[in-house]
Amino acid sequence: MDTWVMTMMLGVSLFMGSLALMAFLWAVKNGQFDDEEKFLNAAKFDNQEDLNDAVDKEKKREKIKKKDYRPE
Amino acid sequence: MSDKVVCSHCHLEFKKNVMIEDNEYFFCCKGCQGVFHLLLEEGLDSFYEKSANSILSPPQTQFEDSSNFNSQAFYDKFVKKNSDGLSQVSLIIEGIHCSACVWLNEKALHKMDGVIEAGINFTNNKAKIEWIDDTLKLSEIIDMIRAIGYNAYPYDASVQEVQANRVRKDYYLRMAVAIFASMNIMWISVAQYAGYFSGISQEVKTILNIAEGVLATPVLFYSGWIFFRGSYFGLKNKVVNMDLLVATGATLTYVYSVYITITEYGEAYFDSVSMIITFVLIGKFLEVLAKKNASDTLDTISKHIPNEVNIIKDGISVASKLDEVLVGDILLVSSGERVLLDGILIQGEGSFDESSLTGESKPIYKTLNNTIISGTTSIDADIHLRVTKDFNHSTLSNLVSLLENAMNKKPKIEQLANRLSEHFSTVILLLATATFFVWFFWPHSFEESLMVAISVIVIACPCALGLATPVATLIGLSIASKQGILFKEAAYLETMAKVDTFVMDKTGTLTIGKPNVVHEHILHDFDRKILLSLVKYSKHPISQGIHDYINKKIEGEIVFDSYTQVQARGILAKYNNSEIVGGNLKMMQDNNIACEFTSKNSLFYFAIDKQLLAIYELKDTLREGAYDLIQSLHQKGKEIVMLTGDTKESAMDVAQSINIKNVNYELSPKDKLDFVTQLHNDGKVVVMVGDGVNDILSLAKADIGIVMGSGSDIAIDVGDVVLLNNSLNSLYKAFQISTTTFTLIKQNFALSFLYNAITIPLAMAGYIIPLIAALSMSFSSLLVVGNSLRIKYKYKRM
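Cut-offs applied
- Residues numbered from 1 in each chain as written.
- Chains lettered and ligands numbered in written order.
- Predicted model: local features only at pLDDT ≥ 70, side-chain atom pairs only at ≥ 80, totals over all residues.
- Pairing = 2+ DSSP bridges.
- Helix = DSSP H or I, 4+ residues; strand = E, 2+ residues; numbered from the N terminus.
- Axes fitted to C-alpha atoms, helices over the stretch in contact; angles between N-to-C directions.
- Contact = placed C-beta atoms within 7 Å.
- Buried ≥ 20, exposed ≤ 12 C-beta atoms within 10 Å, placed from the backbone.

Draft legend 1. Local environment of the sheet that holds strand 28 (residues 662-664) of chain B. All names here are of chain B. On the basis of which strands lie adjacent, the open sheet formed by seven strands has the order 19-31-30-29-20-27-28 and mixed pairing. Two strands lie at the open edges of the sheet, namely strand 19 (485-487) and strand 28, each paired on one side alone. Here the strands of the sheet are splayed against their neighbours by 20 degrees on average, with no regard to which way each runs.

Draft legend 2. Inspection of the pairing of strand 24 (residues 578-583) of chain B at higher detail. Residues and elements named next belong to chain B. Here six bridges tie strand 23 (residues 570-575) to strand 24, and the two strands are oriented antiparallel to one another. When the bridges of strand 24 are listed, glycine 570 appears paired with glycine 583. Here strand 24 runs beside strand 25 (residues 602-608); their pairing, made up of four bridges, is antiparallel. Residue pairing across strands places glycine 583 opposite tyrosine 605, the latter belonging to strand 25.

Draft legend 3. Representation of the environment of valine 689 of chain B. Residue and element names in this part refer to chain B. Tracing the sequence through the fold places valine 689 in strand 29 (residues 686-690). Along the sequence, valine 689 and isoleucine 706 sit 17 residues apart, while their C-alpha atoms lie 4.7 Å from each other. With residues near it in sequence (within four places) discarded, valine 689 still touches Phe502, Val503, Met504, Asp505, Thr509, Ile706 and Leu731.

Draft legend 4. Representation of the pairing of strand 29 of chain B in the model. All names here are of chain B. Among the five residues that make up strand 29, five are buried, leaving the element largely enclosed by the rest of the structure. Taking every second residue as pointing to the same face, both faces of strand 29 are buried, with Val686, Met688 and Gly690 on one and Val687 and Val689 on the other. With four bridges connecting them, strand 20 (residues 501-505) and strand 29 associate as parallel partners. Counted as the bridge partner of valine 503 is methionine 688 from strand 29.

Draft legend 5. Looking closely at the sheet that holds strand 25 of chain B. All names here are of chain B. Taken in spatial order, the six strands line up as 21-26-25-24-23-22 in an open sheet, and their pairing is antiparallel. Strands with a single pairing partner mark the edges of an open sheet, and in this sheet they are strand 21 (511-522) and strand 22 (562-566). Across the sheet, the mean angle separating the axes of adjacent strands is 15 degrees when strand polarity is ignored. Contacts between helix 20 (residues 541-551) and the sheet are confined to strand 21, strand 25 and strand 26 (611-622), with strand 21 contributing the most and set at about 65 degrees to the helix.

Here you go:
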């Protein structure tokens, strides 16, 4: 019984830890830490508008992939 | 100062009457006004909130036509297609001052149809832009950047730079995985060790082993991949390197631990596997971090050479591509411009700055039929030049190719760490093999013999060795930078400690490089304000030297009725009906003013109404600490050579005053390069200290090129060490710091060898248990780091 509890706790905590690691690796690959100045200033300029822009950018990119991007 | 207002765009302050008034706003120029309205229209005016009154540079107006960015040749060179079918270009954006500027540029570009991605790096002002070429041309993108008040020019994102960034990122990822796994293994190990002493059921032990094994697997195969690759390339070149030791040690330990886990007998060493890899990986990363990027340097050099010149064809001036100018063409050079092609002066005359060839800032006066060498700058002359060499054979392009050559062929002094680790690895691997056979034939079981052999490799932990150099050099670098000494690569610290010859440039390095007043002879009293105003507007170094001298004592300005500069002579002015003359001896003779005073220094005579009033003697003075520096270096037994493009007299004068025996004078940049090459051939390790364009070849070729922070931009780019505070004391300090660091590196190696000398015999005798192996590994690494931190205290008081 107690070995089962230990196995489960080890498994769950390592799994959760690896999720955080994955997120960090993704952020590094994505270039989010490339420019330390910009990275630190991002918090200052962050607002709704910039969030919308980021979404628009993603959309533009996806449309390109589907080959139906038509600039209006 | 109430009559001054601030420009609404660039925030520079000017008098109200010169500003353009526009509703409630004021602008210093049309450019700022245009940008301001554009941002307002586009809804980007929140830029001004973000930039928070920081001062911007007003937009410039003279840009070359942007349409040539659309030419096929240009696209071939700079624009790349990526896998999504998007075009990609790398730009350097000029005029970025603050993070709001980055925001504005990105925002403005994202607003354009067809731009998919625009990322600007604030630290180096480089931008990467992706767009759809069918809807948008590159010229439109560049026009947009210019319209909002910045300038952009494409650069060839050279393979090297991209590579360096990729390598760095790769290390981040691998280190993140290794550190994460090691930290988790550590807390699992706590349970293991507790169990080792107080008893633990085999079942629990296996579970812990499996958990550790799961964590150690990515560390070995992902993070440790670098060592496998390194040892493969090492073996290919028949070299046993540190990577091989790390890779074999970690792999054997890993395989053995897996075996233990399965057979449920004995102790697993998964913690050692991940710890070895993590520690050595961090050491490697520190080395990669402090590597200099040569590619950026060449980028900036070619940027200094424009690609268009004006030539005269059929009596009119036309623009021509630099490499299309033929021998015999007539080149037009206006004042302030750099001469890009060699030629003979056929019309006009004036002063030229030849400092890029000789290092001397004293202008040279050129008249008809004089040859003019490319790379010199016209100070005040508008001339016609008959071209004698095309661009590919010109002195200037020769200089660039010589420089590329020198930079690529820079000698690499082998680092102590590399040499030692090769021997160390070989010895350890041999010892481990020997241990295995001795135990096996003694006779012990195969398992037991293997375990002892592996413990030899594990205990001979390469961690301390791997950290010995990077930690010490990193601390050396940080101490140096606090003293205003910038080492561009960590390895230069070690190289500098091995230097035996110091080669010094004279002008601008040992001396300040500007004439200073050394004697003032006042013959009759006069109003100093007149002289101050007379020399104020002349760009000639002599005038500036006098201006600096008088300006210390008095202030004020008078307005002359007339003011003329006479080329290579002096200045002529009229004030309240009296005639004021200042200049050299020729100027005085031309104006019939008698003077008999002579000196070996440069002289400036000053007269009002034909009466000589004052004589100033000027001389290039030594930098502070020059004498002490040379003495200290002599005491250390270093050889010192002075090289200069200047004449014999002034070279000897300086050399005698600071006690340098070995002097070479009247040298061209190429001669200096040859001199350094000759020293290399004699087996010397050479430091070159310089400041100017004329030194760049020898700076690039020397083992270490040290540049004064006040030197020319190109020299600073080429140099390996920059003395930001221009002080010769820092030069000696740089030398001291590097010697100390090197001593430290040697100590670190001694420590880890001593440590190994104690533990390896124990391991060979079979006395090592996993806990001791793990503890000793951390302990030896801490020892090395702690020892390196010692020099921090030593330099804290300096």
